[in-house]
Amino acid sequence: MKNSIRVQRAIKNITQAELADLIQVSRQTINTIESGKYVPSTVLALKMAKVFGKPVDEIFELEEGD
Amino acid sequence: MKNSLLIPNRNKVVGWVVLLASVVLGCFCLYNEFRIPDFQIYRLPNNGEDSPFSFADYNLTNELAIFGVTLGLLIIVFSKEKIEDEYIGVLRLKSLQWAVLVSYIVLLIINFSFYGIAFLMILVYNIWTIPIIFLIRFNYSLYRFRKEGVSDEK
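All values derive from a computational prediction rather than experimental measurement.

What counts, and at which threshold
- Residues numbered from 1 in each chain as written.
- Chains lettered and ligands numbered in written order.
- Predicted model: local features only at pLDDT ≥ 70, side-chain atom pairs only at ≥ 80, totals over all residues.
- Heavy atoms only, no water.
- Helix = DSSP H or I, 4+ residues; strand = E, 2+ residues; numbered from the N terminus.
- Rg over C-alpha atoms; globule rule 2.2 N^0.38 Å.
- Contact = heavy atoms within 4.5 Å.
- Areas by Shrake-Rupley, 256 points an atom, 1.4 Å probe, with all protein chains shown as cover.
- Phe/Tyr/Trp six-rings, centres within 6.5 Å; stacked < 30°, edge-to-face > 60°.
- Buried < 20%, exposed > 50% of the residue type's maximum accessible area, 1.4 Å probe, protein only.
- Lys NZ or Arg CZ within 6 Å of the ring centre and 35° of its normal.
- Buried area = accessible area lost by both parts, 1.4 Å probe.
- Salt bridge = Lys/Arg side-chain N within 4 Å of Asp/Glu carboxyl O.
- Polar contact = N/O pair within 3.5 Å; in protein donor to acceptor, adjacent residues only side chain to side chain.
- Nonpolar A, V, L, I, M, F, W, Y, C, P; charged D, E, K, R; others polar.
- pLDDT = per-residue confidence, 0-100.
- Core = buried A, V, L, I, M, F, W, Y, C linked by side-chain atoms within 4.5 Å.

J.: Any chance you could break down the overall build of chain A for me, citing the residues and the numbers?
T.: Check the secondary structure of chain A and you find 5 helices and 2 strands. For chain A, the N- to C-terminal ordering of α and β elements is β-α-α-α-α-α-β. Taking 66 residues into account, the globule formula puts the C-alpha radius of gyration at 11 Å, and chain A, at 11 Å, falls close to it. Contacts spanning at least 24 positions in sequence make up 55% of the contacts within chain A whose residues lie at least 6 apart. Roughly 3800 Å² of accessible area belongs to chain A as shown, and the carbon and sulfur atoms make up 52% of that amount.

Shown next, in the form of C-alpha cells:
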C-alpha cells in the first residue's frame, strides 16, 4: 500500500510531530506509516483524513499485489 | 483500539521492585538455605514420616519467592508504555508471538541436552522463559522503533 502522507503534510505545512499530536500517536508511528512499514488501523486512517481534509483513498492507495 | 488487559504505566516500577526483591529472596533460599521461620501451613508428622515425598519442605519461603518473581514479571509485562499507541500494540503482539516460539525451541533443545534432575530444574526455571524473552524482545523492538525515527523528521 502506498501513501501520500508526506505530501499531504507538506501541503498543510505540519511536521510529523504535529501530526502525531493531532491524532494522538507517537511521532515514530507516523514515521513507520509514512515509510510504508506499518499499515494503520481504519480509525487512524480516518483521523488522518480528517486532519488533512481529504478522503482516505486520496491519502492511502492500493498497490498491485495488495 | 483499546487493549483492556493492560494496566497503567506507573505499575511497572512496582513490578520491578517485586521482581528484584523476590529474586534476592529466591537466591538466599536456594544457596543459603534461608527460610523465614514458621512461615508454613503444613507440618511434618510427629513420627517424621512423610511418604511418598519424605524430602518435602513445607516452609513457604521458596513458594513466596516463586510467587513474587511470577507476579513481578506479569506486572511488568502487562504495564502500558508511557505513550501507548496502536503501533506499540502491534510490536507487543509480535514480541509475544516471537517469545512463545523461541521458548518452545529452547525447550526442544533442552529436551535433548539435559537429563534427570538437571532437566527438571530447567523446567522449573522454564516457567519464566516466555515473559523474560518477551521483555527482551519487546524492549529491543521499542529501542529500534524509537531510534529509527530520530533522523527522519522533515
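J.: Summarise the packing of aromatic side chains; cite the residues concerned and give the values.
T.: Two measures describe an aromatic ring pair: the distance that separates the ring centres and the angle between the ring planes. Applying the stated rule across the entire model yields 4 aromatic pairs over all chains. Ring geometry for Phe28(B) versus Phe34(B): centroids 6.4 Å apart, planes at 65°, classification edge-to-face. Accessibility expressed as a relative area gives 36% for Phe34(B), which makes it partly exposed. Of the aromatic side chains, those joined through ring pairs into one cluster are Tyr38(A), Tyr87(B) and Phe145(B). Across the ring face of Trp98(B), the terminal group of Arg137(B) is positioned such that the distance to the ring centre comes to 4.4 Å.

J.: So what's going on with the interface of chain A and chain B? Residues and values would help.
T.: Listed as interface residues are 17 residues of chain A and, on the opposing side, 13 residues of chain B. At the boundary of chain A with chain B, total buried surface from both sides reaches about 1400 Å², with 45% on carbon and sulfur atoms. Here chain A is connected to chain B by 0 salt bridges. Joining chain A to chain B, the criterion identifies 4 residue pairs in polar contact (both at pLDDT 80 or more). When residues of the side of chain A that touches chain B are traced back to their parent elements, those giving at least two are α1 (5–12), α2 (16–23) and α3 (27–34) of chain A. A class-by-class count of the residues in the side of chain A that touches chain B yields 5 nonpolar, 8 polar and 4 charged.

J.: With reference to specific residues and values, describe the confidence of the model for chain B.
T.: Close reading of the predicted structure is inappropriate where its pLDDT is low. Averaged over all residues, the pLDDT of chain B is 84; the fraction at 70 or higher stands at 84%. With pTM at 0.80, the complex prediction returns an ipTM value of 0.79.

J.: Go over the side chain of Glu34(A), please, and point to the residues and values.
T.: Residues and elements named next belong to chain A. By the secondary structure assignment, Glu34 is in helix α3. Under the relative-accessibility criterion, Glu34 is labelled buried at 10%. Apart from the residues within four sequence positions on either side, Glu34 is in contact with Asn3, Ile5, Arg6, Arg9 and Gln16.

J.: Before we move on, can you summarise the nonpolar core with the specific residues and values?
T.: If you look at the biggest cluster of nonpolar residues, it comprises 33 residues, and the most contacted ones within it are Ile5(A), Met48(A) and Phe52(A). Ignoring any residue separated from it by four or fewer positions in sequence, one finds Phe52(A) in contact with Ile5(A), Gln8(A), Arg9(A), Lys12(A), Ile14(A), Leu19(A) and Ile59(A).

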